[in-house]
Amino acid sequence: MISERDSETTFDEDSQPNDEVMPYSDDETEDELDSRQPAVEPGQNQINRDAEESQEPLKKDCSWQVKANDQRFYEQPQFKRTVFLCFKKSKYAANAIKTYKYNPITFLPLNLFEQFKRAANFYFLVLLILQSIPQITTLSWYTTLVPLLLVLGITAVKDLVDDIARHRMDNEVNNRTCEVIRDGRFKNTKWKDIKVGDIIRLKKNTFVPADILLLSSSEPNSLCYVETAELDGETNLKFKMALEVTHRYLQEESAMADFNGLIECEEPNNRLDKFAGTLFWRNMSYSLDADKILLRGCKIRNTDFCHGVVIFAGADTKIMKNSGKTRFKRTKIDSLMNYMVYTIFVVLILLSAGLAIGHTYWEQQIGNLSWYLYDAQDFSPPYRGFLNFWGYIIVLNTMVPISLYVSVEVIRLGQSYFINWDLQMYYPEKDTAAKARTTTLNEQLGQIHYIFSDKTGTLTQNIMTFKKCCINGQRYGKSVDADRHKAIQVDFSWNMYADGKFSFYDHYLIEQIKSGKEPEIQKFFFLLAICHTVMVDTSDGQLNYQAASPDEGALVTAARNFGYVFLSRTQNTITISEMGIERTYDVLAILDFNSDRKRMSVIVRESGGNIRLYCKGADTVIYERLHPRNLKREATEEALDLLGATAIEDKLQDGVPETISRLSKADIKIWVLTGDKKETAENIGFSCELLTDETTICYGEDTSALLQTRLENQRNRAGSSTHSSLRMNEPFFQGSKDRALIITGSWLNEILLEKKKKKKKLKLKFPRTAEEKKKQTEKRRRAEAYKEQQQKNFVDLACECRAVICCRVTPKQKAMVVELVKKYKKAITLAIGDGANDVNMIKTAHIGVGISGQEGMQAVMSSDYSFGQFRYLQRLLLVHGRWSYIRMCKFLRYFFYKNFAFTLVHIWYSFFNGFSAQTAYEDWFITLYNVLYSSLPVLLVGLLDQDVSDKLSLRFPRLYILGQKDLLFNYKKFFLSLLHGAVTSLIIFFIPYGAYLKTMGQDGEAPSDYQSFAVTAASSLIFVVNFQIGLDTSYWTFVNAFSVFGSIALYFGITFDFHSAGIHVLFPSAFQFTGTAPNALRQPYLWLTMILSIAICLLPVVAQRFLSMTIWPSESDRIQKNRKKYMAEEQQWKRRQSAFRRGISGRRSAYAFSHQRGYADLIASGRSIRKKRAPLDAVLGNGVTEVRDACETS
């Protein structure tokens, strides 16, 4: 995490953006902006212990009050807030976390309320009510009730399963335990029972349950080491330190129980690196800052125990405040599907109105004159038409597919399980399987345009390794990535302090060190062993280093393995083992690293009395200070002698370059958004092949100039000719040159006009006139328009680049960049990260992916999908995403087709029944058509279909472009399905109608009654729709074949049962087609009629498919045709030659220097050095055995 001092900078209107610093905090106050001062370069290394008492306590905006060990304090009226009407509750949140939606009492009403908010479900509820009105109903009530109950039931069960999982996760967290002062003693208490003001004890390797003020610990000066991977994504340890006064007096249990300090601090907020408050105790006040606060989600490390008082709990903690607003994510197909359902609603109303008008006309012309049609109701023709309007709404209700939504949910759930079960996305090293954490976004994975990726831990392993060095002009270290199995590692067994995990392959360097003939080599490793701020801890005879950053730890570990071992340090000395000989040196000063200096130095006195300065830092900074002829040797950090250079690698995860290359071929643009320095981000861009040696890089200042020019041109052309306005959209870059954009957070704020401005101080002014107010409003409107145009121009410019890298950006800026692309490009976005600093970005993107890596689980918990390595992203998108998109599109097209083919038959039948809203089918057929007769085949296509195999999907990434362009499901495809269904319905109705017109059966009877016609039309429809899905199936399995022919067999089985005499006897009013199917289907003439209907419906489709695949084959058709040849080939993925190649000048590395300030101040103050302490038994009492056991276990 960037320290506060590192990130400070001034943000005046005319200041030049600083590439090296993080922009301001996400929700900094105006006072903080006003009080910012330029960072003072450290180096004095003197800390005044009395500063805690003498510093003026901060009282401004400190409205949050916490009283230790006094729960009655929080019952005062000023700490209550109104919830509803006169009901009040405490403003202090409980520590229990609640993510579930329902409880046993609220599940049924809330779930039904949410389901009926869906237009289709509410429509069918209204329809059910209409069917209960005798005057207008033409269908039995069960035709709507059965499908509606099925839909509601399946959705409710799914919601219940999801909510039970949320309950379990909440209970797992809320029921964790820690020790809390209760009745004067530490007692085990569940997290959910912890309250603000409680004193708690935390032990080694346990999580912090709430935001607490550190009071004391087992370490010297009450230091406490914490791992903040859950918060900021960094795995290196941070140290926190209690106040001197609490360290001195609050060690024993009785003192903790008697502690009654009052804390006044800022209100709960999301600023992880800032805290302002004051402790009032014993008539004294003590200033508090972020270094004394342990945040929820941190893990206690290298500290046996610590004590603290809870300041923020539950939803008020900083980690919860940083979780961002949970956004409801909906896929593009979802939105399109809803619009299509609305379109069907409109078509339904128009058709019903037209048919009602037809019935009114028919009643006037024919109905009133036909005495035999008199129904004893003296209704006027218009009124009869009005009733028939609602009758047709009921009859044609199947145009709005009630089972559509539940079928979509079932398909998505199945696809999610396929992702979870994919062994090729399983990461065995961490036992991490891919996980679809949501079931509603699968098909959107097949439509991604932009990927926004974090760097550290996402593209890289976040593990620093010493790879090479250059000493006195001689390079040491071999690249063995390609032939690691052939290379022989250096044997470090001669070194008793060697780290067994360290690997090095250049034996010549070890020979040189052992020979002692090269003093420069000895000085080089001596510098690495002495010039650092690493803390050392010894356990079980092993040295454990705790570094301020992973790269500094890698350098000290390398020196340790090469014989120069850092053993211990005090406030003024450091002890090193030099090739087995221990020596202690006086440390006169430590000049610590920060982002301005880009270097650190130590000044030591050697045994002979000589004073030397050892310095390490960024190459650009060190080169400036190499002046061999400079005689001013007394100047600090000037005229340095160069010993050598190091090469430290934060190794890329396996398969990252190949994954990025494949995704790029799928026309997916990848942007890297990281908090790292510009040099580091740029180097990673080269190593993962986002950037190449041929890439032209555009930086922040170049971008600013281009945008300024474009904005001036747009202003000049405003109001000019159409030709000029068209030129306003011309590209920023001419030609097809490979370009990339690298921009820092400071430049991003400058360009996007997001710099925070100070508020003007209040001045007495006369009331403004209406004209002044109008001018002010106009000025504000122009400023907003200017800002919006600038942001749009930036997005246009960035999207013209092949790659974009944003570095030194805050979590809020990451989310802002994603939001801008969503807003101005209307593109589908995916964000991938592994740390808590990526949560905002993950929640903002259409799809969020979390990596279970080194940086905790916050990103995973907020994501839609998660897995163990970045390389699995290609399979998630190119295989699962693409298949899901194709399956969903095919399912929707067919679903609309079969419903139109089924429903529109009623309309053609209306022309022959006086538009009387009579149905063309039996009621039970209408009830079971979408539920049993035609549901299973299309569901299986939606779950199992694939045009090409997974291997071919990865081999030909261009297949992915179909989804990006929305080619498989859009309004054009929808209307084609409607047209196809209409044509099928015409054939299904008029072929049997023509065959029945003048017909005589074998037995001399005419089979042209209504019920026989209904059976013939229904049977033809079942054959056609099931054979049609067979034609649409690309991937045949036994299950698909069984579903198609099984659905047809099921139809005939149920039909013969429902038309039997036995069931008619039991339920005479519900089953009225007695004997129809057995009588009608024994006539060969009817079977010939059905065969003719099926042939006329399907043969044109077969011909069209044949011509399409032969004359205009798609890319998938061509691949499918040659799949055997492709599968026979042994395809080896050949990685392009890396940008870092031996013999070619590499790019400067930004590693080997801490990303943040080290522990220099802490070391120089002596506060990290152990002193004689009270016995552990006196501090812990009866708990000593448990702590020792925990230490031994860890």
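Cut-offs and rules
Residues numbered from 1 in each chain as written. Predicted model: local features only at pLDDT ≥ 70, side-chain atom pairs only at ≥ 80, totals over all residues. Heavy atoms only, no water. UniProt positions renumbered as here; feature names shortened; annotations may be inferred. Patch = residues over 30% accessible without salt bridge, like charges linked within 9 Å, V, L, I, M, F, W, Y side chains within 5 Å. Areas by Shrake-Rupley, 256 points an atom, 1.4 Å probe, with all protein chains shown as cover. Salt bridge = Lys/Arg side-chain N within 4 Å of Asp/Glu carboxyl O. Helix = DSSP H or I, 4+ residues; strand = E, 2+ residues; numbered from the N terminus. Polar contact = N/O pair within 3.5 Å; in protein donor to acceptor, adjacent residues only side chain to side chain. Contact = heavy atoms within 4.5 Å. Buried < 20%, exposed > 50% of the residue type's maximum accessible area, 1.4 Å probe, protein only. Arc of directions from axis to C-beta. Pairing = 2+ DSSP bridges. Axes fitted to C-alpha atoms, helices over the stretch in contact; angles between N-to-C directions. Disulfide = S-S within 2.5 Å. Expected span 1.5 Å × (residues − 1). Parallel < 35°, antiparallel > 145°, perpendicular 65-115°, else oblique. Left-handed = near helix turned anticlockwise from the far one by under 90°. Nonpolar A, V, L, I, M, F, W, Y, C, P; charged D, E, K, R; others polar. Core = buried A, V, L, I, M, F, W, Y, C linked by side-chain atoms within 4.5 Å. Right-handed = clockwise from strand over helix to strand, strands pointing away.

Going by an unreviewed UniProt entry, the protein carries the name Phospholipid-transporting ATPase and comes from Buteo japonicus. Taken verbatim from the UniProt record of the protein, the Cofactor (unreviewed entry) comment is "Mg(2+)". In its Catalytic activity (unreviewed entry) section, UniProt records this for the protein: "ATP + H2O + phospholipidSide 1 = ADP + phosphate + phospholipidSide 2."

Engineer: Which residues make up a nonpolar patch on the surface, and what values go with them?
Structural biologist: Taken together, the side chains of Tyr 339, Tyr 342, Tyr 971 and Phe 975 make up a nonpolar region of the molecular surface, amounting to roughly 430 Å² of accessible area. Contributing elements (two or more residues each) for the nonpolar patch: α11 (332-365) and α32 (971-996).

Engineer: Go over the side chain of Ser 216 with me, naming the residues and quoting the values.
Structural biologist: Of note, Ser 216 is situated in strand β7 (residues 211-217). At 2.6 Å, the side chain of Ser 216 forms a polar contact with the backbone oxygen of Leu 250. In contact with Ser 216, not counting residues within four places along its chain, are Ser 222, Ala 242, Thr 246, His 247, Leu 250, Gln 251, Met 256, Cys 306 and His 307.

Engineer: So what's going on with helix α14 (residues 507-515)? Which residues, and what values?
Structural biologist: Within the sequence span of α14, burial applies to Leu 509, Ile 510, Gln 512 and Ile 513. An end-on view of α14 places all buried positions within 160° of arc, on one side of the element. For α14, the elements touching its buried residues are β18 (460-471), β19 (474-476) and α15 (519-530). Just beyond α14, the residue with positive phi is Gly 516, at close to 70°.

Engineer: Outline the environment of Val 948, listing residues and values.
Structural biologist: Mapped onto the fold, Val 948 is located in the loop between α29 (936-944) and α30 (950-955). Take Val 948: its relative accessible area is 2%, and that puts it in the buried class. Ignoring any residue separated from it by four or fewer positions in sequence, one finds Val 948 in contact with Arg 882, Trp 883, Ser 953, Leu 959, Ser 1116, Ile 1119 and Gln 1120.

Engineer: Lay out the sheet that holds strand β17 (residues 450-453) in plain terms, naming residues and giving numbers.
Structural biologist: If you walk across this open sheet you meet the nine strands as β16-β34-β33-β32-β17-β28-β31-β30-β29, and the pairing is mixed. Unpaired on one side and paired on the other, β16 (435-436) and β29 (696-698) mark the two borders of the sheet. Bridge analysis of strand β28 (residues 669-673) against strand β31 (residues 803-807) gives four bridges, and the strand direction is parallel. Looking at the pairing, Leu 673 lines up with Cys 806 of β31. Of the strands in this sheet, β29, β30 (739-744) and β31 touch helix α19 (residues 678-687), which is tilted by about 150° from β31.

Engineer: For the side chain of Thr 189, give the residues involved together with the corresponding values.
Structural biologist: Here Thr 189 is to be found in strand β5 (residues 185-190). Here the side chain of Thr 189 touches Lys 187 through a polar contact of 3.2 Å, landing on its backbone oxygen.

Engineer: Quick rundown of the state of the cysteines? Include the residues and the values.
Structural biologist: Here, disulfide denotes a covalent bond that connects the sulfur atoms of two cysteines. Throughout the structure, instances matching the rule amount to zero disulfides. Note on Cys 531: no disulfide assigned, nearest cysteine sulfur contributed by Cys 615 at a separation of 6.4 Å. Exposure remark for Cys 531: the relative accessible area of 0% places this residue in the buried category. Taking the relative accessible area as the measure of exposure, Cys 615 reaches 13% and is therefore buried.

Engineer: Could you give me a rundown of helix α24 (residues 811-825), with the residues and numbers involved?
Structural biologist: End to end, α24 covers 21 Å across 15 residues, agreeing with the expected 21 Å (1.5 Å per residue, within 8%). Within the span of α24, buried status applies to Gln 813, Lys 814, Ala 815, Met 816, Val 817, Val 818, Leu 820, Val 821, Lys 822 and Tyr 824. Tucked inside the fold, the buried residues of α24 contact β17, β28, α22 (745-751), α23 (770-799), β32 (829-833) and α25 (839-844). Lys 826 lies just past α24 and shows a positive phi near 50°.

Engineer: Run through the pattern of salt bridges, naming residues and quoting values.
Structural biologist: A complete count under the given rule lists 36 salt bridges for this structure. Lys 292 is the salt-bridge partner of Asp 289, the closest N and O atoms lying 3.3 Å from each other. Of the residues examined, Asp 289 reaches a relative accessible area of 30% and is grouped as partly exposed. Where salt bridges share partners, they join Asp 334, Glu 409, Arg 412 and Glu 443 into one cluster.

Engineer: Can you break down the pairing of strand β22 (residues 564-569) residue by residue, with the values?
Structural biologist: Most of β22 sits inside the fold, with five of its six residues counted as buried. In the sheet, β22 pairs with strand β23 (residues 573-578) via five bridges, with the strands oriented antiparallel. Bridge pairing in β23 links Phe 566 to Ile 576. Connecting β22 to the antiparallel partner β23 that follows it, the hairpin turn spans three residues.

Engineer: How would you summarise the packing of helix α5 (residues 119-131) against helix α12 (residues 381-395) if you had to cite specific residues and measurements?
Structural biologist: For the pair α5 and α12, the least separation of the axes is 10 Å and the interaxial angle reads 125°. Looking at the two axes, α5 sits oblique to α12. Helix-helix and strand crossings are classified by hand; for α5 and α12 the assignment is left-handed. For the pair formed by α5 and α12, the contact residues are Tyr 123, Leu 127, Leu 130 and Gln 131 on the first element and Trp 390, Ile 393 and Ile 394 on the second. Taken together, the residues of the contact of α5 with α12 sort by class into six nonpolar, one polar and no charged.

Engineer: Mind laying out the nonpolar core, listing which residues take part and the relevant values?
Structural biologist: Counting 100 residues, the largest nonpolar core has Leu 404, Phe 891, Leu 892, Phe 896, Tyr 921, Phe 925 and Leu 1021 as its most contacted members. Ranked by residues supplied to this core, first place goes to helix α27 (residues 872-910) with 18 residues. Residues within four places of Leu 404 in sequence aside, it is in contact with Met 337, Val 341, Phe 891, Leu 892, Phe 895 and Phe 896. Grouped together as the second largest cluster of nonpolar side chains are 57 residues, Ile 521, Leu 528, Val 534 and Val 587 included.

Engineer: Got a sec to walk through the pairing of β32? Specific residues and values, please.
Structural biologist: Counting buried residues in β32 gives five out of five residues, a clear majority hidden from the surface. A two-sided burial pattern is seen for β32, the buried positions comprising Thr 829, Ala 831 and Gly 833 on one face and Leu 830 and Ile 832 on the other. Pairing geometry for β32 and strand β33 (residues 847-851), over four bridges, is parallel. Bridging across to β33, Ile 832 finds its partner in Val 849. Handedness of the crossover joining β32 and β33 through α25 is recorded here as right-handed.

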